[in-house]
Amino acid sequence: MSLISLKDVKFSYDKTNPAVDGVSFNVEKGEYIAVIGHNGSGKSTLARLINGLLSPDEGEIYVDDIKVGDKKTVFEVRKRVGVVFQNPDNQLVASIVEDDVAFGPENLGIPRKEIGERIDFALDAVGMQDFRKSSPTRLSGGQKQRVAIAGVLALKPQILILDESTAMLDPKGRKEVLSVVKKLNKEQAVTVLAITHYMEEVVDADRVIVLDSGKIVMQDTPREIFKREKELKEIGLELPLASYIANKMRKNGIELPEGVLTEQELSEALCK
Ligand SMILES: Nc1ncnc2c1ncn2[C@@H]1O[C@H](COP(=O)(O)OP(=O)(O)O)[C@@H](O)[C@H]1O
Ligand SMILES: [Mg+2]
């Protein structure tokens, strides 16, 4: 059984225009999935459906064999699926970092002693131990987002969903958050669903899901996805910079292999 499983899921906010329109896919434990699609393609709605903030109108969602979208399972699902949103300022609730991280576990009624251990674990995981007693207002955007991730990790979720969690950060903050998430995926086997519009953040994913008008229009490895420049363009998506440059050069007669993803691959291909 897959860790996440969606079958023919449909949802609309107004009961007429579907925001998610017949989506099916499975995610295995430990996978790193990137979800891309232009504005309004249904990415955030999908995230809210998977953690039970919304219930599907049709179809079924299972997380760790638990049916999502029932009132009875809300807490069980929340424990397993943590969502980090776009704006770090809307996610931090306490005036001290450690209290903020403790907020979730306290709400779940976890014993005081264990909460302390969870704060330690979560702040270590995001590299923010030194800021334990700081006020979140004094942190950079990247640091705030790492605290927001720690708050989610304190619930020990099996699945981490990042809904454009790097969109409001500067390049340094983006790098910090991305490396923390990659480390959690590799070292703690946290399953990641990363919604992003930065194509550079997609290249390391195990698999990419492309949404358009609430439907999955492509699903493949980053290398295969980014070979389809024309189709991506038609639905308002770009290529990672290195792939874009490689394609341009190839069109100008420079011999380069297809499927270049990173600057390193591009420079290696050029040296040959
Ligand atoms: N709270 C809401 N109420 C009504 N319609 C919404 C709401 N949130 C999103 N939508 C609509 O649902 C569709 C999908 O939106 P969303 O899931 O936010 O897309 P994305 O995250 O890919 O930008 C869009 O047409 C959007 O206008
Ligand atoms: Mg969104």
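Residues numbered from 1 in each chain as written. Chains lettered and ligands numbered in written order. Predicted model: local features only at pLDDT ≥ 70, side-chain atom pairs only at ≥ 80, totals over all residues.

Caption draft 1: Quick peek at the nonpolar core. Counting residues in hydrophobic clusters, the biggest one holds 74 residues, and the most contacted among them are Val35, Ile50 and Ala150. A per-element tally of this core places helix 5 (residues 141-153) first, with six residues. Setting aside chain neighbours within four positions, we find Ala150 in contact with Val101, Ala122, Leu123, Ala125, Val126 and Met128. (Core = buried A, V, L, I, M, F, W, Y, C linked by C-beta atoms within 7 Å. Buried ≥ 20, exposed ≤ 12 C-beta atoms within 10 Å, placed from the backbone. Helix = DSSP H or I, 4+ residues; strand = E, 2+ residues; numbered from the N terminus. Contact = placed C-beta atoms within 7 Å.)

Caption draft 2: Here's a closer look at helix 6 (residues 171-187). The terminal C-alpha atoms of helix 6 lie 24 Å apart, and with 17 residues this matches the ideal 24 Å at 1.5 Å per residue to within 8%. When we look at burial in helix 6, the residues that qualify are Gly173, Arg174, Glu176, Val177, Leu178, Val180, Val181, Leu184 and Asn185. Packing partners of the buried residues in helix 6 comprise strand 3 (32-36), helix 4 (112-125), helix 5, strand 7 (159-163) and strand 8 (191-195). Looking one or two residues beyond helix 6, the residue adopting positive phi is Ala189, at roughly 55 degrees. (Expected span 1.5 Å × (residues − 1).)

Caption draft 3: Region of the structure containing the environment of Ala246. Counting through the fold element by element, Ala246 comes out in helix 9 (residues 241-251). Ala246 gets classed as buried once you count the C-beta atoms within 10 Å, which come to 24. Note: C-alpha distance between Ala246 and Thr262 (16 residues apart in sequence) is 9.8 Å. Those residues in contact with Ala246, other than ones at most four positions away along the chain, are Leu256, Val260 and Leu266.

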